[in-house]
Amino acid sequence: EVESEAVAPVRPPTAEKKTMRSVVHATGLVTPAPGAELIVIAPEAARIAEIHLGEGERVKRGDLLVRFEIPGAAAEVEKQAAEVKRAQASVTNATANLTRAQDLFKRGVAARKEGEGAERQIADAQAAVAQAEASRAAAETVATRSIVHATFDGLVAKRYHSPGDVVEPSASDPVLRVIDPQRLEVVASVPLTDVTRIVVGASGRLTGKLAGESEVALKVVSRPSAVDPGTATIPVRLAFARATNLPAGAPVQVDIDAEKHVDAIVVPDSAIVREGDETAIFIVNDGKAARHEVKTGLSDGERTEILSGVSA
């Protein structure tokens, strides 16, 4: 022990009551909101016949994005159209046979069963027409899928292929990616231990300075539901309070507001003394510093909540 008679002048701060808000820190990515992204994939193995847009170009809803050349698609449509005509001709012939059979029956020349047979032929022919029309509709659907139009106003974020390339109908072989830069959000990876502290509607904000951005306000729009495979985090979606100039894919740091304690007793962080498992503060008592053990709560990086051990 070292004993000193020297007086150390100090300026003690005052404990006070304030509203404390806990914050969850997380990293995230700026991504298009649901419905604000279109990834063009070939409907089946095909060759790209037409693609004029480059990365960064703007598109309008309904603009042509990609036209595929699907082998056999046009031929299949013609084939099914011919099948429809053949089935319709069969209906016409069966109807004529029924009219003739009914006329012969009225004159007593033919039996009733001939008319019944003709009616069955009409029913079969009509069923064949329906089947042929369904096959033609399916073929036309495949042919229609060979042309892809923009479903919203946006811009081309990425172009993966050029005209003449042969592509596969797989998510691993995309052709074009279109996004709406006016509808972006942040998907933050929240540690599993903090999941229960996040509620839908909670406020948040980007931290750090990004490309001329001032403080950017966010709002939690989805409640965590599933753990990211291979990680100990859960994705949380946060919407921007206003349009942002940040590009899609930009990594960001976010703070999400969590618990809120009203009229909490707080002291500056510099007043907290930690010794092993004990936490204490020193209180002015008759001109001297008296040590008091305390229990701490929320902290915002500058102030710490005192749960017990000292009053305001």
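The structure we're discussing is the one just above.
In short, a report on the structure.

## Focus: the overall build of the protein chain
Then comes step 1: From N to C terminus, the protein chain includes 2 helices and 19 strands.
Then comes step 2: Expressed as a percentage of the 312 residues in the protein chain, the buried residues total 34%.
Then comes step 3: Considering only intrachain contacts with a sequence separation of at least 6, the fraction spanning at least 24 residues in the protein chain is 72%.
Then comes step 4: Here the protein chain has roughly 19,000 Å² of accessible surface; of this, 51% comes from carbon and sulfur atoms.

## Thoughts on the pairing of strand S16 (residues 278-285)
Then comes step 1: Relative to S16, strand S15 (residues 273-275) runs antiparallel, the two sharing 3 bridges. Across the sheet, Arg274 pairs through a bridge with Thr279, a residue of S16.
Then comes step 2: Once S15 ends, the chain turns through 2 residues before running back antiparallel as S16, passing Gly276 with a positive phi of about 65°.
Then comes step 3: Two elements, S16 and strand S17 (residues 288-293), share 6 bridges in a ladder whose sense is antiparallel. Across the sheet, Phe282 pairs through a bridge with Arg291, a residue of S17.
Then comes step 4: What sits between the antiparallel neighbours S16 and S17 is a turn of 2 residues, in which Asp286 has the positive phi angle 55°.

## Considering the environment of Val267
Then comes step 1: Among the structural elements, Val267 can be located in strand S14 (residues 251-268).
Then comes step 2: Taking relative accessible area as the criterion, Val267 reaches 6% and is therefore assigned buried.
Then comes step 3: Remark: the alpha-carbon pair of Val267 and Ile281, spanning 14 residues in sequence, is separated by 9.1 Å.
Then comes step 4: When near neighbours in sequence (up to four residues on either side) are disregarded, Val267 contacts Ala15, Ile272, Glu302, Arg303, Thr304 and Ile306.

## Considerations on the pairing of strand S9 (residues 176-179)
Then comes step 1: Taken together, the 4 bridges between strand S2 (residues 37-40) and S9 define a ladder with antiparallel strand orientation. In the sheet register, Glu37 faces S9, and the bridge partner there is Ile179.
Then comes step 2: In terms of strand pairing, strand S7 (residues 154-159) meets S9 through 4 bridges, oriented antiparallel. Considered in S9, the bridge of Lys158 is made with Arg177.

## Digging into the packing of aromatic side chains
Then comes step 1: Applying the stated rule across the entire model yields 0 aromatic pairs.
Then comes step 2: The ring of Phe152 has Arg183 sitting right over it, with the charged end atom 5.6 Å from the ring centre.

## Let's talk about the layout of surface pockets
Then comes step 1: As a volume, the largest pocket reaches approximately 650 Å³.
Then comes step 2: Considering the residues around the largest pocket, the lining is formed by 23 residues, among which Pro12, Phe282, Ile283, Val284 and Ala289 are closest to the centre.
Then comes step 3: Elements represented by at least two residues in the lining of the largest pocket include exactly S14, S16 and S17.
Then comes step 4: Element by element, the count of residues in the lining of the largest pocket is highest for S16, at 4 residues.
Then comes step 5: Grouping the constituent residues of the lining of the largest pocket by class yields 18 nonpolar, 4 polar and 1 charged.

## Looking at the sheet that holds S7
Then comes step 1: Spatially, the 4 strands line up as an open sheet ordered S2-S9-S7-S4, and their pairing is antiparallel. Whereas interior strands pair on both sides, the edge strands pair on one side only; in this sheet they are S2 and strand S4 (58-59).
Then comes step 2: With 2 bridges connecting them, S4 and S7 associate as antiparallel partners. Opposite Arg58, over in S7, you have Leu155 as the bridge partner.

## Points about the nonpolar core
Then comes step 1: In this structure, Val30, Val186, Leu206, Leu238, Phe240, Val254 and Ile256 are the most contacted members of the largest nonpolar core, which totals 22 residues.
Then comes step 2: Put simply, the parts of the chain that give this core at least two residues each are strand S1 (16-32), strand S10 (184-191), strand S12 (217-220), strand S13 (233-240) and S14.
Then comes step 3: Excluding anything up to four places from it in sequence, Phe240 contacts Val30, Leu184, Glu185, Val186, Leu206, Val216, Ala217, Leu218 and Leu246.
Then comes step 4: If you look at the next biggest cluster of nonpolar residues, it comprises 20 residues, including Leu65, Phe152, Val156 and Leu176.

## Brief notes about the sheet that holds S16
Then comes step 1: One open sheet holds the 3 strands; their spatial order is S15-S16-S17, and the pairing between them is antiparallel. Single-partner strands in this sheet number two, and they are S15 and S17. Across this sheet, the average inter-strand angle for adjacent strands is 40°, counted without regard to direction.

## Structural notes on the side chain of Asp173
Then comes step 1: Mapped onto the elements of the fold, Asp173 is located in the loop between strand S8 (166-167) and S9.
Then comes step 2: The buried charged residue Asp173 lacks any salt bridge partner; its closest oppositely charged side chain belongs to Arg159, at an N-O distance of 12 Å.
Then comes step 3: One polar contact links Asp173 to His161, side chain to side chain, over a distance of 2.7 Å.
Then comes step 4: A polar atom in the side chain of Asp173 sits 2.9 Å from the backbone nitrogen of Glu168.
Then comes step 5: When sequence neighbours within four positions are dropped, the list of residues in contact with Asp173 reads His161, Val167 and Glu168.

The rules we used
Residues numbered from 1 in each chain as written. Predicted model: local features only at pLDDT ≥ 70, side-chain atom pairs only at ≥ 80, totals over all residues. Heavy atoms only, no water. Helix = DSSP H or I, 4+ residues; strand = E, 2+ residues; numbered from the N terminus. Buried < 20%, exposed > 50% of the residue type's maximum accessible area, 1.4 Å probe, protein only. Contact = heavy atoms within 4.5 Å. Areas by Shrake-Rupley, 256 points an atom, 1.4 Å probe, with all protein chains shown as cover. Pairing = 2+ DSSP bridges. Phe/Tyr/Trp six-rings, centres within 6.5 Å; stacked < 30°, edge-to-face > 60°. Lys NZ or Arg CZ within 6 Å of the ring centre and 35° of its normal. 1 Å grid on protein atoms, 1.4 Å probe; cavity = no way out; pocket = protein on both sides within 12 Å on 5 of 7 lines; lining within 4 Å. Points joined across faces, edges and corners; volume = space filled by probe spheres on them. Nonpolar A, V, L, I, M, F, W, Y, C, P; charged D, E, K, R; others polar. Core = buried A, V, L, I, M, F, W, Y, C linked by side-chain atoms within 4.5 Å. Axes fitted to C-alpha atoms, helices over the stretch in contact; angles between N-to-C directions. Lys, Arg positive; Asp, Glu negative; His and termini not counted. Salt bridge = Lys/Arg side-chain N within 4 Å of Asp/Glu carboxyl O. Polar contact = N/O pair within 3.5 Å; in protein donor to acceptor, adjacent residues only side chain to side chain.

Spatial relationships are all this shows, so hold off on functional conclusions.
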